[in-house]
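Residue-level structure breakdown
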Amino acid sequence: MSEFSEMLIEKAWARCGGNCECEREEHNHKGRCKNTLIKGHRGDRYSYFGWEAHSKSGYFLDDLEDVEILCWEPCYKMVTEK
Ligand SMILES: [Zn+2]
């Protein structure tokens, strides 16, 4: 499985400000999701503050624009499990 570099994740994390970046209209949040995330909880699907770095293109490009920091619940799950 492809993965972003740690450096890119660091930049994306700094950009997101510790909040989910999802802006999908079909989710139940109005505008940006903004769920609170904890940095050390990346990949922890059982944490209320869990998150993952999602590739918008699906190709894990070495480009900050391709990275989207998403909360596990509901955004990352909804984006990846459809
Ligand atoms: Zn979210």
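Up top you'll find the structure we're talking about.
Here's a quick rundown of the structure.

Topic: helix α2 (residues 72-80)
Regarding α2, the residues found buried are Trp72, Cys75 and Tyr76. Projected down its long axis, α2 shows its buried positions confined to an angular sector of 120 degrees, all on one face. Packing partners of the buried residues in α2 comprise β1 (51-55) and β2 (67-71).

Quick look at the pairing of β1
Of all five residues in β1, four are buried; the element is thus mostly enclosed. Where β1 and β2 come together, five bridges link them in antiparallel fashion. Bridging from a neighbouring strand, Glu52 pairs with Leu70 of β2.

Rules behind the numbers
- Residues numbered from 1 in each chain as written.
- Predicted model: local features only at pLDDT ≥ 70, side-chain atom pairs only at ≥ 80, totals over all residues.
- Buried ≥ 20, exposed ≤ 12 C-beta atoms within 10 Å, placed from the backbone.
- Helix = DSSP H or I, 4+ residues; strand = E, 2+ residues; numbered from the N terminus.
- Arc of directions from axis to C-beta.
- Contact = placed C-beta atoms within 7 Å.
- Pairing = 2+ DSSP bridges.

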